[in-house]
Amino acid sequence: METIESLKKENAALKVETQRLNEKDRQNRFRTIFEYSRLANKVISPDLKILQVNMALVTLLGYDTKEEIIGTRILDYSPSADHQHWRSLQVQLWQKQVPFFSLETRLIKKDGTMIWCQVTSILFPDESGSLGYTIIDDVSEQHQLKIHKEEFISVASHELKTPITSLKANLQLMSRMLKTETSVTDRLIKLTENAEKHVIKLSFLVSDLLSSTKIEQGQLSLKKTTFILKELVDECCSHIRLEGKYHINYQGSDSYSIFADRDKIDQVLVNLVNNAVKYASESLEIIIDAQPIKGTTRISVSDKGKGIEPGHIGKLFERYFRLAKDNNRASGLGLGLYISTEIIRLHGGEMGVESELGKGTTFWFTIPD
């Protein structure tokens, strides 16, 4: 009888020890995942006190050691305007016992800079009660891109609305005049020219929108042929010549040919010439040149305008960036140079800019032979 009772006790003790070892093993695995995760991790108490962090979080917030953060409260790293986010997390996890909660908020780094973070928290049991296990992912870049997209939609809506409204007004006036007048008047000719100008602008805007979408989806493709560059220059810049104000001077060889996507190079040249007219309107001559250089053709578009501030040079080819013009943001979607760069990159070439204040600007690109 004593033997049976002894065995029962040993068996019970063995079960307890097995559970203890299993729990210890789980804790060891958790610590390993926690410590070596590339994402920032922390454990917080119901009062938002930080109990444990990994080095990824230390690095994310710009500190050197865990000890600088452990024992502080997460609100110490949150701008006061965002404290409500963490209050909401407290309510959801500890009052409503929601097992999973996610939010997007800002955190302040040691140097005072602000970052946007995606915070994902789960509730887990502990000897002292329920604690929050949180993963923090830096989404500052994605957040900035979202802001850019929202601004872009606003700009695009405005830019598209302007030529459509003007075109509609011109066509309405032309329709009334045609009902009452039997001959073509100078005013009717002028309205027709204005309508054509706005159709051209609308066409460019739509073309940029379509190209930007294709680039983002990785669907921009090339259809290469061999063509005479001068013929393309004569055709692509006809809308500028029709104004009669600007002179486009092609300085390359009349017989010079390149192997590229004719329509895409047309789009690049139109963007560069339009930029010259927009930002260097005082420069009545626009020079387009083509020269063979080390197995490539270097094509450039130059003006003799005011030039570009050095601080803006590095941002010119960024998507949605638009230079200021006469202290106001210039018209356009901020896509032209971004799209042009992607087109040239697809050709295996390079694109750049040289500018000197007071002397002018030259945009150039290369096409491999």
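So, here's what we can say about the structure. Here the structure is a predicted model, which is why all the values come from computation and not from measurement. Throughout, residues of each chain are indexed from 1 in the direction in which the sequence is written. Totals for whole chains, interfaces and linings use every residue, but because this is a predicted model, local features are given only for residues with pLDDT of at least 70 and side-chain atom pairs only at 80 or more, for both listing and counting. Hydrogen atoms and water are omitted, and side-chain values are computed over all heavy atoms in the structure.

## Structural notes on helix α10 (residues 336-346)
Counting buried residues along α10, eight of its eleven residues qualify, which places the element largely inside the surrounding structure. Every buried residue of α10 is listed here: Gly336, Leu337, Tyr338, Ile339, Ser340, Glu342, Ile343 and Ile344. Phi turns positive, to about 85 degrees, at glycine 348, one or two residues after α10. Categorising residues by exposure relies on relative accessible area from a 1.4 Å probe, with only protein chains included: less than 20% of the type maximum marks a residue as buried, more than 50% marks it as exposed, and the intermediate range marks it as partly exposed. Strands are runs of DSSP state E lasting at least 2 residues, helices are runs of H or I lasting at least 4, and numbering of each runs from the N terminus.

## Thoughts on the nonpolar core
As used in this record, nonpolar core signifies buried Ala, Val, Leu, Ile, Met, Phe, Trp, Tyr and Cys residues forming a set joined through side-chain atoms within 4.5 Å. The biggest cluster of nonpolar side chains holds 42 residues, and the ones touching the most others in it are Leu229, Ile265, Leu269, Leu272, Val273, Ile288 and Phe365. Among the elements that make up this core, the one with the highest residue count is helix α8 (residues 262-279) (eight residues). Should any heavy atoms of two residues lie within 4.5 Å, those residues are counted as being in contact. Beyond its immediate sequence surroundings of up to four residues, leucine 269 is in contact with Leu232, Val233, Cys236, Ile299, Val301 and Phe365. Counting residues in each nonpolar core, the second largest holds 26 residues, with Ala40, Leu75, Trp86 and Cys117 among its members.

## Details of the packing of aromatic side chains
Any Phe, Tyr or Trp ring, taking Trp's six-membered ring, that has another such ring centre within 6.5 Å forms a pair; planes under 30 degrees apart are called stacked, those over 60 apart edge-to-face, and the others tilted. Tallying each qualifying case throughout the model produces two aromatic pairs. When the ring of tyrosine 63 is compared with that of tyrosine 77, the centres are 6.1 Å apart and the planes differ by 90 degrees; the resulting orientation is edge-to-face. Here the residue tyrosine 63 occupies a position in the loop between α2 (55-60) and α3 (83-95), and tyrosine 77 occupies one in the loop between α2 and α3, the gap between them amounting to 14 residues. The residue whose ring lies beneath arginine 262 is phenylalanine 227, and the NZ or CZ to ring-centre distance is 5.7 Å. Note on geometry: a ring has a charge over it if NZ (lysine) or CZ (arginine) is within 6 Å of the ring centre and within 35 degrees of the ring normal.

## Structural notes on the sheet that holds strand β7 (residues 247-250)
Pairing within the open sheet is mixed, and its five strands lie in the order β7-β9-β10-β14-β13. Sheet topology places β7 and β13 (351-356) at the edges, where each strand pairs with a single neighbour. Averaged over all adjacent pairs, the angle separating strand axes in this sheet is 20 degrees, with direction ignored. Any two strands are treated as partners once DSSP identifies two or more bridges connecting them. Pairing of β13 with strand β14 (residues 360-368) involves six bridges; the strand directions are antiparallel. When the bridges of β14 are listed, glutamate 354 appears paired with threonine 362. Angles here are taken between N-to-C directions and fall from 0 to 180 degrees, while the axes themselves are lines fitted to C-alpha atoms, restricted in helices to the stretch in contact. Lying on the sheet, helix α6 (residues 229-236) is in contact with β7, β9 (285-293) and β10 (296-303); it crosses β7 at an angle near 175 degrees.

## Structural notes on the environment of valine 91
Inspection of the secondary structure puts valine 91 in helix α3. Through-space distance from the C-alpha of valine 91 to that of proline 46 is 9.4 Å; in sequence the pair is 45 residues apart.

## Focus: the pattern of salt bridges
The working definition used for a salt bridge is a side-chain nitrogen of Lys or Arg within 4 Å of a carboxyl oxygen of Asp or Glu. Evaluation of the coordinates by the stated rule reveals nine salt bridges. We note a salt bridge from glutamate 354 to arginine 298, for which the minimum N-O separation is 3.3 Å. With glutamate 354 in strand β13 and arginine 298 in strand β10, the pair connects residues that are 56 residues apart, well separated along the chain. Of the residues examined, glutamate 354 reaches a relative accessible area of 45% and is grouped as partly exposed. On the basis of relative accessibility, which here comes to 22%, the residue arginine 298 falls in the partly exposed class. Arginine 345 is the salt-bridge partner of glutamate 342, the closest N and O atoms lying 2.8 Å from each other. Residue glutamate 342 and its partner arginine 345 are located together in helix α10, separated by three residues, close to a single helical turn.

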